[in-house]
Amino acid sequence: MDPLSLSSVLTVLQAPLVPGLDAQALARPLLWALTLGGAVHWLARGHSPRVRQAALVLVLLWVALPGSASLAFWLAQAFQMPSLSSAALGLGYLWRVWRGPPMAGARAATACQLMRSLRWLAVLLGWLLLLDLLALLPLSLYGLGFGTPALGVAVSLLLLFWLRWGVQPAARPWLALAAAVLLLFVLTRWPSGNLWDALLDPLLWLGLQLRWLWAWRGRRA
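1. Re the confidence of the model for the chain
- Mean pLDDT for the chain: 87, with 88% of residues reaching 70 or above.
- Put simply, helix 1 (residues 3–14) is where the chain has its lowest mean pLDDT, 43, and helix 10 (residues 195–199) is where it has its highest, 97.
- Of the regions scoring below 50 in pLDDT, residues 4–13 engages in 1 contact with residues more than four places distant in sequence or in other chains.

2. Details of the packing of helix 2 (residues 21–43) against helix 3 (residues 49–64)
- At a minimum axis separation of 9 Å, helix 2 and helix 3 run at an interaxial angle of 160°. In terms of orientation, helix 2 lies roughly antiparallel with respect to helix 3. The way helix 2 lies across helix 3 gives a crossing that is right-handed. Contacts between helix 2 and helix 3 involve Pro-29, Ala-33, Leu-36, Gly-37, Val-40 and His-41 from the first element and Arg-52, Ala-55, Leu-56, Val-59, Leu-60 and Val-63 from the second.
- Of the residues in the contact of helix 2 with helix 3, the class split is 9 nonpolar, 2 polar and 1 charged.

3. Regarding helix 2
- Here helix 2 contains 23 residues, and its C-alpha end-to-end distance of 32 Å stays within 8% of the 33 Å for a straight helix at 1.5 Å per residue.
- The largest bend in helix 2 amounts to roughly 25° and is located at Ala-27, with the proline Pro-29 lying one to four residues further along.
- Considered for burial, the residues of helix 2 that qualify are Ala-27, Leu-31, Trp-32, Ala-33, Thr-35, Leu-36, Gly-37, Gly-38 and His-41.
- Of the surrounding elements, those touching the buried residues of helix 2 are helix 3, helix 4 (71–79) and helix 5 (84–99).

4. Things to note about the packing of helix 2 against helix 4
- Here helix 2 crosses helix 4 at 95°, and the two axes come no closer than 10 Å. Classified by the angle between their axes, helix 2 and helix 4 sit roughly perpendicular to one another. On the side of helix 2, the interface is formed by Arg-28, Pro-29, Trp-32 and Leu-36, while helix 4 contributes Leu-71, Ala-72, Leu-75, Ala-76 and Phe-79.
- Its residues assigned to classes, the contact of helix 2 with helix 4 comprises 8 nonpolar, no polar and 1 charged.

5. Structural notes on the packing of aromatic side chains
- Evaluation of the coordinates by the stated rule reveals 6 aromatic pairs.
- Between the aromatic rings of Phe-73 and Trp-74, the centroid separation amounts to 5.1 Å while the plane-to-plane angle is 90°, which identifies the pairing as edge-to-face.
- Taking relative accessible area as the criterion, Phe-73 reaches 32% and is therefore assigned partly exposed.
- On the basis of an interplanar angle of 80° and a centroid distance of 5.2 Å, the ring pair of Trp-127 and Trp-205 is categorised as edge-to-face. Here the residue Trp-127 occupies a position in helix 6 (residues 106–133), and Trp-205 occupies one in helix 11 (residues 202–220), the gap between them amounting to 78 residues.
- Looking at Arg-45, its charged tip hangs above the ring of Trp-42, at a distance of 3.8 Å from the centre.

6. Brief notes about the nonpolar core
- Formed by 36 residues in total, the largest nonpolar core has its most connected members in Leu-84, Leu-114, Leu-175, Leu-195 and Trp-196.
- Mapped by element, the contributors of at least two residues to this core are helix 2, helix 5, helix 6, helix 8 (148–165), helix 9 (172–188), helix 10 and helix 11.
- Sort the elements by how many residues they give to this core and helix 6 lands first, with 7 residues.
- Not counting the four nearest positions on each side in its chain, Leu-84 is found in contact with Leu-31, Val-181, Leu-184, Phe-185, Trp-190, Asp-197 and Ala-198.

Basis of the calculations
Residues numbered from 1 in each chain as written. Predicted model: local features only at pLDDT ≥ 70, side-chain atom pairs only at ≥ 80, totals over all residues. Heavy atoms only, no water. pLDDT = per-residue confidence, 0-100. Helix = DSSP H or I, 4+ residues; strand = E, 2+ residues; numbered from the N terminus. Contact = heavy atoms within 4.5 Å. Axes fitted to C-alpha atoms, helices over the stretch in contact; angles between N-to-C directions. Parallel < 35°, antiparallel > 145°, perpendicular 65-115°, else oblique. Left-handed = near helix turned anticlockwise from the far one by under 90°. Nonpolar A, V, L, I, M, F, W, Y, C, P; charged D, E, K, R; others polar. Expected span 1.5 Å × (residues − 1). Bend = angle between axes of the 7 residues up to and from the residue. Buried < 20%, exposed > 50% of the residue type's maximum accessible area, 1.4 Å probe, protein only. Phe/Tyr/Trp six-rings, centres within 6.5 Å; stacked < 30°, edge-to-face > 60°. Lys NZ or Arg CZ within 6 Å of the ring centre and 35° of its normal. Core = buried A, V, L, I, M, F, W, Y, C linked by side-chain atoms within 4.5 Å.

Here it is, written out as structure tokens:
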């Protein structure tokens, strides 16, 4: 093999895996539908079940409209696509609502411990990515999201969480959801081919910090 051909092969092997245009066109309405569906249903939680269901159906229909008539089209212009984590949280919330009343007692406490750990990791990752954006880190953290080592770190952390909370029935659905996010990323590379975009998006990051501020304010009050 001549040096030029070898260089071409190495370039192809080193190129990051990113979803194609058709895959992105499929992911955009699907991810926005799950994210917005869960968010709208949660925001309407003070209303009757009929109002919440109507709001959910309306937002899903709006997202499903073709072309520029779709809400997902305009949201994508400003925010691109939500992360797989945001879509998974929306789906998980809707599933929990459909299954019935929330957990109580020790089961709820176990789930809260797991979710609190995941939230802190997400907030930390967001700050590190912000520092990377401002070129304040010695290496390109965002660039590492296209490689295999970052995925290996994420899988290792998930295994540690599974060893810590996997014996608790209340934590298993959330651990399974996290595993599904990583598996879906490996299979589809949604939304951008970068692992960090699959795990976190700016709106989710800001929402987690606002939630922490509200909780802190409530404890002080």
